[in-house]
Amino acid sequence: MKHTLNFVLAVTFLACSAFAQDPGWHKVPNDALNAKGAEIIKKLLTSTDEAEMLEIIKPETDDVMRLRIKIFAYKRLAMYGTKVAVPVLVEKLEIKDEGFYARYALETIPGKEVDNALCKIIKKVKEPSVIAGILTTLGVRANPISASTAKSFLTHADDDVKRAAAYALASTAGDVAVKFFTQKQLAPIYADSAFLLAENLTQKGKKSHAIRIYDNLSVADIKPYQREAALAHSILARGEGGIKLLVAQLTSDSLANFEIGLKVSRELPAGGAVTKAILALLDKQTNSNRKANLIRAIGDRKDDASRKVSLPVILEFAKTGDEEVRVAAIETFKNIGDSSVLPVLFDAVKQRDSAKIASVAKSTLEQLPGKDIDVAIAELLVKGDTAARVIAIGLVKERRIISAYPLLKQALNDANSDVSKAAVDAIGQTAGLEDLPMVLDLFVKAQTQADTDKILVILKSLCTRLPQDAASGEVEKIMATATVPVKRNLLELLKEVGGAKAVKIVEKCAWEDVPEVQDKATEVLGKWPSQKDVDLIAAACLKLAKESKYKSRGLRGYIRLARQFAMKEERKLQICQEMYDLATNESDKILIFDVYIRNPSQNVFDVAAKYLDNDNENIRNKAAETVVGIGEKLQVKSPKIAETMKKVIEQSKNENLKERAKRVFDRQ
């Protein structure tokens, strides 16, 4: 059931007050105030002098500026007004553009003087909207002395007045209101206020009266969602006494009533008694969908008394039977399950008859709360059969059961390959820094490429969770005695770890005498992914470009930083210039233009334009293509751009490029 009491109360508020409110009342006026007006408002905002506020609102005015000032005064009276202000405010109720603000102030002023004055003046008012506004204010104040006044307007010809009167009467929560809202033929226009009254009565501990109202509404000629809400709250208001009515909904042929029952069954207190009543319906229910929904509703009753009586029953439904029912039963274990459900869940995960059941069981095992569950899973890791142990290891990983880590280390050398492989995978998620040497040792001793690849993935998962420099230090220790193939893989690992120490280790390897290690280290430096290491990588790549046989690789790694990483424009241009000056072949030099085109600005345009006079034709052509591309992106007019486009048009042999340059030129 979608419509709750909160929704109904919201409707009540809107119905009773929307017609009487100015939606902009709380906003600071947009109109520009003159200096004098601004000064008055500034003073008002800090004033607590009621007399000063009253003096401002007394004069009648058609002047918009003056009205704006008066609005601020009304707002301050709502905070600091007393019974002294009541006569003045009451006089303003029928004045257009001021009546609402007067009511706003009256709503918060304490004392019966306000209620008496409103009840008196309303008898003289003729305009329905003003009457409705006054009734709304009486409703906000909720003083029982206004009940008779509110009742007298329930038969008014105007619907807005009747709604406001009903709201005011309901707010008093007195005997007069109860009598009116429990009449058999309650008009639909009063339904929302009846809900408000029932809520007020409930809060005051008068549940029997509230129940009478809900019962009356549940059979009234009102909107279906209102009847459904009334029925639901009639059950809830009864507490344990509502069980019989709840069961009637859960056994009803009406789907709407059944859904009401499902919702209420989740909210009705009375612990075990309610749960027992719902459990008793399961065996009688032949519709699988309804049975599954009943089970889910029971599972959402998480109090200890409910769990105690429901778990044994739900456990049986989870073992065998209709798929939909089993799935629902298994899902409830996330709320009410304990270690006793583990065997059933493990069996469900292993069975192959229903992928859905297996999937739900696995998800439930991963989410089942409680340290006792972790302990039970750890015990199964040791004592279970092969399939159960593999599942338990997976759960150790998903639930991150750190206490089970010693058992995972034992499982690494298990005779069963499925168990050992599962343990290797789980360690990547649970191991700490102290365990990294052991995992690295497994990596070094891997017998097959498949094992090497798998442990490398695990190492990446593990190392990226650990402090960077500490993890890199452990890797460095292993590298000292590692074979060349292992060292190459560890260099790849360091790229994922990142950090200053990792960069230094890889850079050191780039200068080793072993060609295979040099090759991998320089490759890794050129592909380093971490933005925060950019300065260290830049220095390492620049050194390679200047001093090693991997000059081109170093240059390409260096220019990649300017192309892919965030840095200041001047730094990017500096890298490009150094790249161009150091490069000895055309293919490397031309890479600077990729940086230029990715960073369009007038300054970059000017730098790129200098290469239009280069001796190398390919570089001139690339420069022309670049300045045209930047010119297309820059939405500015510049003599420099116009001059450069003219030069491209004159020099280029590429007709398409010349046409693009002409379009840029024409914009200048």
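The shown structure was predicted, so the numbers you read here are calculated from the model rather than taken from an experiment. (Residues numbered from 1 in each chain as written. Predicted model: local features only at pLDDT ≥ 70, side-chain atom pairs only at ≥ 80, totals over all residues. Heavy atoms only, no water.)

## Topic: helix H26 (residues 417-430)
Stated precisely, the cut-off is as follows: To qualify as a helix, a DSSP run of H or I must reach at least 4 residues; to qualify as a strand, a run of E must reach at least 2; elements of each kind are numbered from the N terminus. The span you would expect from a helix comes to 1.5 Å times its residue count less one. Any residue under 20% of the maximum accessible area for its type is buried, any over 50% is exposed, and the rest in between are partly exposed; the area is computed with a 1.4 Å probe on protein chains only. The contact rule is simple, with two residues in contact once any of their heavy atoms fall within 4.5 Å. In protein, a polar contact requires one atom able to donate a hydrogen and another able to accept it; more generally it is a pair of N or O atoms within 3.5 Å, and residues adjacent in sequence count only if both atoms are side-chain atoms.
In a regular helix each residue adds 1.5 Å, so 14 residues correspond to 20 Å; H26 covers 20 Å between its end C-alpha atoms and thus fits that length. Within H26 the residues assigned to the buried category are Val419, Ser420, Ala422, Ala423, Val424, Ala426, Ile427, Gly428 and Thr430. Buried residues in H26 make contact with helix H24 (386-399), helix H25 (405-411), helix H27 (436-444) and helix H28 (449-463). For H26, the N-terminal cap is Asn416; the gap from its side-chain oxygen to the backbone nitrogen of Asp418 is 2.9 Å.

## A few points about the pattern of salt bridges
Where charged atoms from two side chains of opposite charge approach closely, those side chains can pair. Heads up, the condition is: What counts as a salt bridge is simple: a side-chain nitrogen of Lys or Arg found within 4 Å of a carboxyl oxygen of Asp or Glu.
All told, the structure shown has 37 salt bridges when counted by the stated rule. A salt bridge links Asp441 to Lys445; the shortest N-O distance between them is 3.0 Å. Residue classification places Asp441 among the partly exposed residues on the basis of a relative accessible area of 32%. Put simply, Asp594 and Arg563 hold a salt bridge, and the shortest N to O gap is 3.5 Å. In this pair, Asp594 sits in helix H37 (residues 592-598) while Arg563 sits in helix H34 (residues 551-564), placing the two residues 31 residues apart along the sequence. It is possible to trace a salt-bridge network through shared partners that takes in Glu492, Lys495, Lys520, Glu523 and Lys527.

## Here's the deal with the packing of aromatic side chains
Rules: Centres within 6.5 Å make a pair out of two Phe, Tyr or Trp rings, where for Trp the six-membered ring is used; the pair is then stacked when the planes are under 30 degrees apart, edge-to-face when over 60, and tilted otherwise. We count a charge as sitting over a ring when the NZ of a lysine or the CZ of an arginine lies within 6 Å of the ring centre and within 35 degrees of the ring normal.
In total, this model carries 8 aromatic pairs according to the counting rule given. When the centroid spacing of 5.8 Å and the interplanar angle of 80 degrees are considered together, the rings of Phe593 and Tyr596 count as edge-to-face. Taken together, the residues Phe593 and Tyr596, both in helix H37 and 3 residues apart, mark about one turn of the helix. Judged by relative accessible area, which is 1%, Phe593 ranks as buried. Geometrically, the ring pair formed by Phe593 and Tyr611 is edge-to-face, given 5.4 Å between the ring centres and 80 degrees between the ring planes. With Phe593 in helix H37 and Tyr611 in the loop between helix H38 (602-609) and helix H39 (617-633), this residue pair connects regions lying 18 residues apart in the sequence. Assigned by exposure class, Phe593 and Tyr611 land together as buried. Aromatic ring contacts, followed pair by pair, group Tyr580, Phe593, Tyr596 and Tyr611 into a single cluster. A cation sits over an aromatic face here: Lys589 above Tyr580, 4.0 Å from the ring centre.

## Looking at the side chain of Gln249
You can see Gln249 is positioned in helix H15 (residues 243-250). What makes Gln249 buried here is its relative accessible area of 5%. Among all residues touching Gln249, those that are not within four sequence positions of it are Leu231, Ile235, Asn257, Phe258 and Gly261.

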